[in-house]
Amino acid sequence: MSTIPQEFQITELVHQDTYLANGKLIPWHGDTTQVYSTISSTDTYQPTLLGSIPALGEKEALQALDAAVNAYSNGQGLWPTMRVVDRIACMEKFVEQMKTKRDQVVKLLMWEIGKSLPDSQKEFDRTVDYINDTIEDYKQMDRDSAQFKKHDGVNAHIRRGPLGVVLCLGPYNYPLNETFALLIPALIMGNTVVFKPAKHGVLLISPLLEAFCNSFPAGAVNVIYGRGRIVASPIMKTGKVDVLALIGNSKSANALQNQHPKSNRLRLVLGLEAKNPAIILKDADLDLAIAECIAGATSFNGQRCTALKVIYVHEAIVEEFNKRFAAQVDALKFGNPWDDGVKLTPLPEPDKPAYIQELIDDALHKGARIINKKGGDTSENFIFPAVLYPVSKDSRVFQEEQFGPVIPVLSFKDIEEPLDDMAASNYGQQVSLFGRDITTLAPLIDTLVNLVCRVNLNSSCQRGPDVYPFTGRKDSAVATLSVHDALRSFSIRTFIASKDNASNNAILTELLRSRSSNFVSTDYIL
Ligand code: G3H
């Protein structure tokens, strides 16, 4: 076991004994759930207790929902009718307070989900940047709509308005960033939100609750804890949720959306599973392809929706690729998140190593070999990434989204093979394409852009920069996220229209001059 630097030792437990509803942190005296890290604090391995969260029931879930419904108040609430400039001021207040909690959040990110120190810091900083960029983009959107249009004798003042009440559920791999990439745009557009943190990566929200509480009007943001089945299902069954915003898997998304009694009313903003392939053509720069595939397949132990989860290598170079790739995987350092230069870290889900082992056994049974020396080495909280080759297409590791450290490799002779697999796959997020000859690349790019939503040329797949669209086809996503697109995904165009005549125009002029409407405004937010 590595030594834990003093500043990262768990000296105090985080007992989250309140939940946030209607602008108040409400004390909870009922059942609680203990939160453990799979990282050991002692020489003999044992999970570390980090604290506890409320195991809320249906009653509290519906109380939080009611708070959001009342704060929205059919679009008449304080938050949805507020001037854009005032909503932005609330968000600025929040982000300023959030910045002061960096160390606490980063420490909890490391313990709760095993993310390395640099990556945890990056997750925090990236989220702060995301909020600031969202504010700037919203200002631009507001400036663009600070005008009237006139067509066919009708004046129109068109803006984007909120959709209503949002149920927001985030994933464990980016419990701060991905969740906030939903919550922040939803909120700033004037929606009210009920937010349930992920199962792993839940305590790290605690340092931010006060800031939520004192930055936004009562009920605009509500934070609940507990099992999805117990708290999220009753919320959906009421039919009072207007938007389901979820990053996770399609099984949970389908189960939740099916509970809504009027599915036509429910908007979906979903980031779901993916199985992004790397395709390495025979003229690829092998050093570059290997480096990118290492990062793509192993960053955060492969627990990213954008991770490279299957690698196709042209048969002419597969032997060389495998030799060098396997050696470089074995050279990755495993350790605790705070260890210097660590690339692989403990898995937060206690049953993950056993699941990955099942995938390995199945693949071996169907003809693959583990081609790296350390592949499959297991400890209490980790399993070293096995590079499996040649993986048959009926093996589970080829078909399932492994979301963890195991790397299936296949060779191909004809480019139609990976293309056919992608067309037949349930996923459609991104692809990495490695090659140089443009006569080969051009038609491939033209096909791939229609199978997925981002073709990464000579680089691994990734979400960022966050200003670029992040979406997917088939089971991989519904709606598009990016700083710019998320504001649109969480809003709808709504406008005031009036016939172009003297009496209407006098009213509009007076509305603008008096500044008495929050909606009708041509003010510029600079
Ligand atoms: O889990 C999926 C994330 O959106 C991936 O984001 O590519 O920045 O790691 P990333």
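Everything below is about the structure printed above this text.
Residues numbered from 1 in each chain as written. Predicted model: local features only at pLDDT ≥ 70, side-chain atom pairs only at ≥ 80, totals over all residues. Heavy atoms only, no water.

Engineer: Would you mind going over the overall build of the protein in detail, with residue names and values included?
Structural biologist: The number of helices and strands found in the protein is 17 helices and 25 strands. Computed over C-alpha atoms, the radius of gyration of the protein comes to 25 Å, within 12% of the 24 Å expected from 2.2 N^0.38 for 526 residues, which places it in the range of a compact globule. Considered along the principal axes of its C-alpha atoms, the protein spans approximately 80 × 60 × 40 Å. Counting only residues that meet the buried cut, the protein has 56% of its 526 residues in that class. Residue pairs in contact within the protein that sit at least 24 positions apart in sequence constitute 72% of those at least 6 positions apart. (Helix = DSSP H or I, 4+ residues; strand = E, 2+ residues; numbered from the N terminus. Rg over C-alpha atoms; globule rule 2.2 N^0.38 Å. Buried < 20%, exposed > 50% of the residue type's maximum accessible area, 1.4 Å probe, protein only. Contact = heavy atoms within 4.5 Å.)

Engineer: Report on the packing of aromatic side chains, specifying residues and quantitative values.
Structural biologist: Overall, the coordinates contain 13 aromatic pairs when judged by the stated rule. On the numbers, 6.4 Å between centres and 35° between planes, the contact of F212 with F216 is tilted. Across the pair, exposure class does not vary: F212 and F216 are buried alike. Chaining the aromatic ring pairs together yields one cluster made of W79, F94, F180, F212 and F216. The positively charged end of R87 is found above the aromatic ring belonging to W79, 5.8 Å away from the centroid. We note K115 situated over the ring of Y174; from NZ or CZ to the ring centre the distance is 3.7 Å. (Phe/Tyr/Trp six-rings, centres within 6.5 Å; stacked < 30°, edge-to-face > 60°. Lys NZ or Arg CZ within 6 Å of the ring centre and 35° of its normal.)

Engineer: Hey, could you go over the site of the ligand for me, with residue numbers and the actual values?
Structural biologist: R126, N173, Y174, E178, R304, C305, T306, Q462, R463 and F470 make up every residue found near the ligand. Between Y174 and the ligand, the recorded distance is 2.3 Å, taken from a side-chain N or O atom to an oxygen atom. Against a free-state accessible area of 310 Å², the protein chains account for coverage of 95% of the ligand. By residue class, the composition of the shell around the ligand is three nonpolar, three polar and four charged. (Near = heavy atom within 4 Å. Polar contact = N/O pair within 3.5 Å; in protein donor to acceptor, adjacent residues only side chain to side chain. Areas by Shrake-Rupley, 256 points an atom, 1.4 Å probe, with all protein chains shown as cover. Nonpolar A, V, L, I, M, F, W, Y, C, P; charged D, E, K, R; others polar.)

Engineer: Explain the sheet that holds strand β15 (residues 369–370) residue by residue, including any values.
Structural biologist: Pairing within the open sheet is mixed, and its seven strands lie in the order β15-β18-β19-β14-β13-β21-β22. With partners counted over all chains shown, the strands left at the sheet margins are β15 and β22 (454–457), one partner each. Looking at chain direction, β15 and strand β18 (residues 386–389) are connected through two bridges and run antiparallel. Its bridge partner lying in β18, I370 is registered against L388. (Pairing = 2+ DSSP bridges.)

Engineer: Describe in detail helix α3 (residues 84–99), supporting the description with residues and values.
Structural biologist: Over its 16 residues, α3 extends 23 Å from the first C-alpha to the last, a length consistent with the 22 Å expected when each residue adds 1.5 Å. Three or more residues of α3 are buried, namely V84, R87, I88, C90, M91, F94, V95 and M98. When α3 is viewed along its axis, its buried side chains cluster within an angular range of 155° and face the same direction. Elements in contact with the buried residues of α3: α2 (78–81), α4 (102–113), α5 (117–144), α6 (177–188) and α7 (209–215). (Expected span 1.5 Å × (residues − 1). Arc of directions from axis to C-beta.)

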